[in-house]
Amino acid sequence: MHYSIAIDGPAGAGKSTIAKLVAGQLGFIYVDTGAMYRAIALYFLRKGIDGHDSASVEAECPHIQVTLDYDPEGRQMVLLNGEDVTPYIRTEEVGKMASVTSANPAVRAALLGLQRDLAVHSDVVMDGRDIGTHVLPDAFLKIFLTASVSVRARRRYDELSEKGISCDLAKIEKDIVLRDRQDMNREIAPLRQAEDAVLIDSSDLTIRQVADSVIAEYNKKKEQSSL
Ligand code: DC
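None of these values were measured; they are calculated from a predicted model.

Topic: the overall build of the protein
Per the secondary structure count, the protein includes 9 helices and 8 strands. The C-alpha radius of gyration computed for the protein amounts to 17 Å, which stays within 12% of the reference 17 Å derived for 227 residues, consistent with globular compactness. For the protein, the proportion of its 227 residues judged to be buried stands at 47%. Here the protein displays about 11,500 Å² of accessible surface, and carbon together with sulfur accounts for 52% of that area. The average position of the 27 basic charges and that of the 34 acidic charges among the side chains of the protein differ by 2 Å.

Section: the site of the ligand
Taken together, 16 residues sit near the ligand, with Arg-38, Arg-108, Arg-129, Arg-179 and Arg-186 positioned nearest. In the model, an oxygen atom of the ligand is placed 3.3 Å from a nitrogen or oxygen of the Ser-102 side chain. Residue Asp-183 places a side-chain N or O atom 3.1 Å away from an oxygen atom belonging to the ligand. Its free accessible area being 450 Å², the ligand has 95% of it covered by the protein chains. The set of elements that each furnish at least two residues to the shell around the ligand consists of helix 2 (33–47), helix 4 (92–101) and helix 8 (169–185). With 4 residues, the single largest contributor to the shell around the ligand is helix 2. Split into classes, the residues belonging to the shell around the ligand amount to 3 nonpolar, 5 polar and 8 charged.

Here's the deal with the nonpolar core
Formed by 35 residues in total, the largest nonpolar core has its most connected members in Phe-44, Val-66, Val-78, Met-126 and Leu-136. Every element with two or more residues in this core is listed here: helix 2, strand 3 (66–70), strand 4 (76–80), helix 4, helix 5 (105–121), strand 6 (124–128) and helix 6 (131–135). The contact partners of Phe-44, leaving out residues within four places of it in the chain, are Ile-49, Val-57, Glu-60, Ile-64, Met-97, Thr-101 and Val-107. With 20 residues, the next largest nonpolar core counts Ile-5, Phe-140, Leu-141 and Ile-215 among its residues.

Some remarks on the pattern of salt bridges
Scanning the entire structure with this criterion turns up 15 salt bridges. For Asp-71, the salt bridge identified is with Arg-75, shortest N-O distance 3.1 Å. For Asp-71, a relative accessible area of 18% puts it in the buried group. Between Arg-129 and Asp-183 there is a salt bridge whose closest N-O contact spans 3.2 Å. Here Asp-183 lies in helix 8 and Arg-129 lies in the loop between strand 6 and helix 6, a separation of 54 residues in the sequence. Judged by its relative accessible area of 15%, Arg-129 falls in the buried class. Taken together, the salt bridges that share partners define one network made up of Asp-71, Glu-73 and Arg-75.

Description of the packing of aromatic side chains
The relative placement of two aromatic rings is captured by the distance of their centres and the angle of their planes. A complete count under the given rule lists 5 aromatic pairs for this structure. Ring geometry for Phe-28 versus Tyr-218: centroids 5.8 Å apart, planes at 90°, classification edge-to-face. Of the two residues, Phe-28 sits in the loop between helix 1 (15–26) and strand 2 (29–32) while Tyr-218 sits in helix 9 (residues 207–226), which places them 190 residues apart along the sequence. Tyr-218 carries the same exposure label as Phe-28, and that label is buried. Seen in terms of ring centroids, Tyr-43 and Phe-44 are 5.8 Å apart; in terms of plane orientation they differ by 85°. Their pairing is edge-to-face. Grouping residues by exposure puts Tyr-43 and Phe-44 together as buried.

Reading guide: rules and limits
Residues numbered from 1 in each chain as written. Predicted model: local features only at pLDDT ≥ 70, side-chain atom pairs only at ≥ 80, totals over all residues. Heavy atoms only, no water. Helix = DSSP H or I, 4+ residues; strand = E, 2+ residues; numbered from the N terminus. Rg over C-alpha atoms; globule rule 2.2 N^0.38 Å. Buried < 20%, exposed > 50% of the residue type's maximum accessible area, 1.4 Å probe, protein only. Areas by Shrake-Rupley, 256 points an atom, 1.4 Å probe, with all protein chains shown as cover. Lys, Arg positive; Asp, Glu negative; His and termini not counted. Charge placed at Lys NZ, Arg CZ, Asp CG, Glu CD. Near = heavy atom within 4 Å. Polar contact = N/O pair within 3.5 Å; in protein donor to acceptor, adjacent residues only side chain to side chain. Nonpolar A, V, L, I, M, F, W, Y, C, P; charged D, E, K, R; others polar. Core = buried A, V, L, I, M, F, W, Y, C linked by side-chain atoms within 4.5 Å. Contact = heavy atoms within 4.5 Å. Salt bridge = Lys/Arg side-chain N within 4 Å of Asp/Glu carboxyl O. Phe/Tyr/Trp six-rings, centres within 6.5 Å; stacked < 30°, edge-to-face > 60°.

Quick look at the structure:
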């Protein structure tokens, strides 16, 4: 049997940072499902396809293949039809497109099998929006990681500023509110906390504190399951 930890939550809550840390500490594979949706979004952007045009989006899906690979340091690489697109998927433009096209059932269906398959073959920490509710409903541990809009906007602002990218805090905040609304209100697999998920609000916590809480929850579950 393999262990799976599902970490869901809104954009900018720190899911990927925490998931990576926890995976490294437990020796699990880290699966960033957002990166998969971003790779597909990049495909549509490159093709000049309108993400809201569901017929065109659906028609392209059979031509898109997303796979994951890991470099010698264990970092996840995302391949789009065989090309490593990891360096191109972290832009705001790709994030916005991913939020739109991930609402399309054909896009979600294209990734579901791959995501489930990864959890069948390895111990995983998988982060996303619908992992605990839909992709891995029987995950060993489910975490719903959130933070206030202002904290998430500030983190994003600092991250971009550090990279020397000029940005506007109010605009980032507005984009986050919009992304939340899109991710929570779509018909298929919307972002919501699973009933059996542990809620962690990271607004006033350090990265280490959040990672430690997740590990503590995991250890607690293991103890309970061995009783
Ligand atoms: O976590 P992220 O910002 O990299 O995700 C990009 C978009 O992909 C996000 O707006 C919603 C979508 N997504 C999703 O619908 N389901 C997931 N499991 C992960 C991401």
